[in-house]
Structures are given as structure tokens and as C-alpha cells.
Amino acid sequence: MPTTALTAIGTLVTNDPALGDGPLGIRRDAAVVFEDATVVWVGDSAAAPAADIGVDLGGRAVLPGFVESHSHLVFAGDRAEEFAARMAGRPYGAGGIRTTIAATRAATDDELAANVRRLLDESVRAGSTTVECKSGYGQTVEDELRSVRIAGRFTDEVTLLAAHVPPPEYAGRADEYVQMVVDEMIPRCAPHARWIDVFCEQGAFDREQANAVLSAGIAHGLVPRVHGNQLHQGPGVRLAVELGAASVDHVVHIDQADIDALAGSDTVATLLPGADFSTRNSYPGARALLDAGVTVALGADCNPGTSYTTSLPFCIALAVREMHMTPDEAVWAATAGGARALRRTDVGALTPGARADAVALDAPSYLHLAYRPGVPLISQVWRGGALVHPN
């Protein structure tokens with residue numbers, strides 16, 4: 001690949017305090033050089049080495065590509081009418097997922113792949129350069145198998161969400177469904193995934209069932225993640241910590257013991273404010289988590305029922321306005337925090353040796369992501385050193 005130099009950067013977020021000011025490693029009037037899909041140089045714009053391609057950003061802000069560590073992109077259909085009814089006063093319960101299960105089972109592989117591609121294109125235009133993708137809307141062995149295979153066409157970060165909810169044919173028989181997942185689904189699907197996930201929640205799976213699924217996934221070489229404490233206080237957070245999960249996601253209804261457990265662990269708390277916005281749920285207590293020293297990530301949680309957005313800039317604005325995060329904390333959580341949730345060291349930062357994933361804004365500072373909510377500020381996106389937006 002030719003070398004590329006981004007120069008005349010107004011505000012550069014490196015996420016490396018050794019390269020600049022504060023936890024975001026801020027530099028002004030900066031430059032970044034890419035070579036062979038990797039960041040090879042960061043410094044003052046006036047000192048930038050020569051490169052094959054020069055991009056004068058005219059004072060625009062640049063930050064690492066967003067790292068989306070929680071998405072559900074393999075599905076068919078939508079649930080717009082469910083959303084409208086919920087906005088009219090009907091509360092959200094876990095059962096709405098079954099509508100998407102039926103549509104997904106009826107869709108062809110090509111239809112499912114086209115939808116993943118459409119949503120990933122949206123994600124890139126919103127600045128996401130790394131995207132995790134879950135299964136979970138098939139809920140038969142064959143449908144989950146094709147879901148993880150389809151996800152694997154587009155990302156290495158594939159999650160087997162084998163236990164999303166008990167499917168209709170297992171209504172009232174969640175234990176039997178879990179046994180099928182453990183005995184049949186995980187062994188067939190594990191070779192095509194990196195992660196194992198479970199929805200530990202009332203109306204989905206209890207602690208013992210969730211533990212059985214995660215333990216079976218671990219035995220097949222998968223790393224655990226947990227959907228926990230979204231709708232009610234429950235055991236999801238502490239189960240995630242006990243099993244060494246990479247992340248526990250949602251964490252809306254938690255107590256001090258949950259916070260202490262997370263603070264003493266390597267498990268990331270991934271907050272998904274788009275879901276809370278779309279369900280009128282309470283927002284997570286981000287301030288308490290951060291003040292306790294918990295590592296926090298932000299995700300968009302794109303799914304057809306409860307967070308049909310691919311926009312991490314939107315989630316950054318929600319996190320600042322509704323969850324009392326500072327703009328710096330929210331930007332870090334959507335970049336370096338997402339990388340931590342995926343146990344990645346090559347993304348989420350613009351530092352020599354990192355993958356050359358970067359986002360330029362039509363704004364002089366990253367602060368505008370929260371300051372100008374809803375405005376399409378993503379000007380250019382590079383992934384692996386290649387310009388992917390505009391394309």
C-alpha cells in the first residue's frame with residue numbers, strides 16, 4: 001500500500017497519554033502517517049514525513065475509528081410497529097425478539113447477508129471501523145450455524161448468542177432448550193465464532209441456565225460475554241465477573257456489589273444508551289461506574305427491536321447528556337473502551353503500531369460529537385489505511 005499522511009489536523013485524539021494531553025492523548029495541529037495498514041508516525045503537522053498520498057485536513061478533528069463491540073446484524077424484517085406501540089405506552093419485554101426469530105428463519109442466506117452489508121455500510125458512514133456481530137435470531141442449530149457463518153463473511157468478531165430467548169417451540173421449556181444449545185448448537189457453531197453470549201434476564205435465562213451456556217462455550221474455546229442487568233436487578237454482572245467475561249453489556253439495574261465486582265475485575269461494562277432511548281428504560285449509572293474505576297465501553301446495540309441505530313456518535317451524545325459522562329469519557333469509551341471489550345490492542349487508538357483506522361470530522365474538535373447531536377459530522381473514514389468513506 002502507498003503511504004498516506006493526514007496533515008493539518010486541528011485536534012487529534014490518539015488515546016495514548018504518552019503522545020499528547022490527558023487520557024485522550026490530545027495533540028493540536030498534528031499529523032498521522034499510515035503505511036501498510038498501520039500507523040507508523042504521529043507528531044506535529046509541520047514535521048510530518050513525506051508520503052505517497054497527502055491529505056490536508058484543513059483543521060478538522062481526527063480520532064480513532066469507533067469500535068462497535070455490541071451489535072445484532074444478522075436478522076430479517078423490522079419491528080417499527082412494536083416501537084410505535086412502545087412509544088404509545090406499552091412497556092418492553094424480552095418476548096419481542098420472537099418476531100425477529102420468525103422473520104430470520106424465513107429469510108434466505110443472501111437476504112440475511114445483504115442486510116448485514118447494508119448495516120455495516122451505515123456503520124462505516126457513522127465512523128465505525130471495527131464491528132462485532134452476534135447471532136441469536138435463528139435459535140435452531142442450522143439457523144444459528146448459518147448466522148455465524150454469514151457474520152463471519154464480514155467480521156472476525158463473531159459472537160454466538162445461542163441463548164437469546166427460548167424460541168417459541170421451547171416455550172415453558174427453557175431448561176430443555178439450554179440442554180440442546182449445550183449438546184448440539186455450541187459444538188456445531190463454535191468453530192465459526194470467537195465469543196459466546198447469553199441474555200441473563202427475567203423472561204430469558206436465569207443464572208444457572210446462563211452459566212451452563214457460557215461454560216459450554218468456554219469448553220469449546222469461546223470467550224464469554226453477557227447481556228446482563230438490562231431490565232431488572234439480577235445475577236448477570238456477577239456471573240460475568242466470575243467467569244472472566246470480556247464484557248457485561250447493558251448494566252442498567254445494578255447495586256454497589258455489582259460495581260465493586262466490576263471494579264475489581266477485567267470485565268468491561270458496555271453501556272448501550274441507544275437501547276435505553278428506544279425502550280424508555282432507565283439509563284445506566286455511568287458516573288458511579290467510572291468513579292469506581294470500572295472500564296466502560298459504549299456500543300450502539302444495533303438490532304431491529306430495541307436499538308435500530310448504527311450510530312456511535314448518537315450514542316456518544318446520549319452518554320454525555322443522559323448518563324453524565326464527559327465528552328472525553330464518552331469518546332474514549334466508543335474507541336479504546338470498545339477495543340478493551342473485544343480484547344483488542346490493535347484498534348481504538350492512533351499510535352505507532354496500531355491499525356490505521358481513523359475518522360475525520362467536519363468540525364475542529366471531537367467535542368462536537370456531543371455538542372452537535374444528530375449532525376452528520378463524519379467527513380472521512382480510513383480502515384486499515386484505506387479510505388472507505390466517502391467511497
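Before reading on, note that the structure itself is shown above.
How each quantity is defined
Residues numbered from 1 in each chain as written. Predicted model: local features only at pLDDT ≥ 70, side-chain atom pairs only at ≥ 80, totals over all residues. Heavy atoms only, no water. Helix = DSSP H or I, 4+ residues; strand = E, 2+ residues; numbered from the N terminus. Rg over C-alpha atoms; globule rule 2.2 N^0.38 Å. Buried < 20%, exposed > 50% of the residue type's maximum accessible area, 1.4 Å probe, protein only. Contact = heavy atoms within 4.5 Å. Areas by Shrake-Rupley, 256 points an atom, 1.4 Å probe, with all protein chains shown as cover. Lys, Arg positive; Asp, Glu negative; His and termini not counted. Charge placed at Lys NZ, Arg CZ, Asp CG, Glu CD. 1 Å grid on protein atoms, 1.4 Å probe; cavity = no way out; pocket = protein on both sides within 12 Å on 5 of 7 lines; lining within 4 Å. Points joined across faces, edges and corners; volume = space filled by probe spheres on them. Nonpolar A, V, L, I, M, F, W, Y, C, P; charged D, E, K, R; others polar. Pairing = 2+ DSSP bridges. Axes fitted to C-alpha atoms, helices over the stretch in contact; angles between N-to-C directions. Core = buried A, V, L, I, M, F, W, Y, C linked by side-chain atoms within 4.5 Å. Phe/Tyr/Trp six-rings, centres within 6.5 Å; stacked < 30°, edge-to-face > 60°. Parallel < 35°, antiparallel > 145°, perpendicular 65-115°, else oblique.

We now examine the overall build of the protein chain. Along the backbone of the protein chain there are 13 helices and 17 strands. For the protein chain, whose C-alpha radius of gyration is 20 Å, the value lies close to the compact-globule estimate of 21 Å for 391 residues. Out of the 391 residues belonging to the protein chain, those deemed buried represent 59%. For the protein chain, long-range pairs separated by at least 24 residues make up 69% of all intrachain contacts whose partners lie at least 6 apart in sequence. On the protein chain, roughly 14300 Å² of surface is accessible, and the fraction owed to carbon and sulfur atoms is 51%. For the protein chain, the separation between the mean place of its 30 positive charges and that of its 47 negative charges on side chains is 3 Å.

Turning our eyes to something else, we now look at empty space enclosed by the protein. As enumerated under the stated definition, the model contains 2 cavities of 30 Å³ or more in all. Approximately 30 Å³ is the volume attributed to the second largest cavity. The wall of the second largest cavity is formed by E68, S71, L73, S123, V131, A300, C302 and T310. Class assignment of the residues belonging to the lining of the second largest cavity gives a composition of 4 nonpolar, 3 polar and 1 charged.

This paragraph deals with the sheet that holds strand β9 (residues 158-163). The 7 strands lie next to each other as β8-β9-β10-β11-β12-β13-β14, forming an open sheet whose pairing is parallel. In this open sheet, the two edge strands, each paired with only one partner strand, are β8 (133-134) and β14 (296-298). Bridge count for β9 against strand β10 (residues 195-200) is 3 bridges, and the pairing is parallel. Counterpart to L160 in the pairing with β10 is I196. Packing of helix α12 (residues 327-341) onto the sheet brings it into contact with β10, β11 (223-228), β12 (247-250), β13 (268-271) and β14, and relative to β14 it is tilted by some 105°.

Residues L160, L289 and L298 are the most contacted members of the largest nonpolar core, which totals 90 residues. Here this core gets 8 residues from one element, more than from any other, and that element is helix α5 (residues 174-189). Of all hydrophobic cores here, the second largest spans 17 residues; its members include A30, L57, A360 and W382.

Take H250: it is sitting in strand β12. For H250, the contacting residues outside a window of four places in its chain are H70, H227, G228, Q230, T270, L271, L272, A275, P284 and D301.

With that settled, the discussion passes to the packing of aromatic side chains. Applying the stated criterion to the full structure yields 5 aromatic pairs. Here F75 and Y308 contribute two aromatic rings whose centre-to-centre distance is 5.9 Å and whose plane-to-plane angle is 70°, an arrangement assigned as edge-to-face. Taken together, the residues span a long stretch of sequence, with F75 in the loop between β6 (66-68) and α1 (80-87) and Y308 in the loop between β14 and α11 (312-322) at a distance of 233 residues. Y308 gets classed as partly exposed once you look at its relative accessible area, which sits at 39%. Members of the aromatic cluster, each reached through a chain of ring pairs, are F75, Y137 and Y308.

At a minimum axis distance of 10 Å, the contact between α5 and helix α6 (residues 207-219) shows a crossing angle of 0°. With respect to each other, α5 and α6 are oriented roughly parallel. Of the residues in α6, those in contact with A174, D175, V178, V181, V182 and I186 of α5 are Q209, A212, V213, A216 and G217. Taken together, the residues that form the contact of α5 with α6 break down as 8 nonpolar, 2 polar and 1 charged.

The space that makes up the largest pocket amounts to roughly 420 Å³. Every residue lining the largest pocket is counted, 19 residues in all, and those nearest its centre are L120, V124, T129, F154 and R383. When contributions to the lining of the largest pocket are tallied by element, the ones reaching two or more residues are α3 (109-125), β7 (128-131) and β17 (386-389). Take the lining of the largest pocket: its biggest share by element is 5 residues, from α3.

Mapped onto the elements, N211 comes out in helix α6. In the structure, N211 is positioned 105 residues away from I316 in sequence and 32 Å away in space, judged by C-alpha atoms. In contact with N211, other than residues within four places in its own chain, are L239 and L243.

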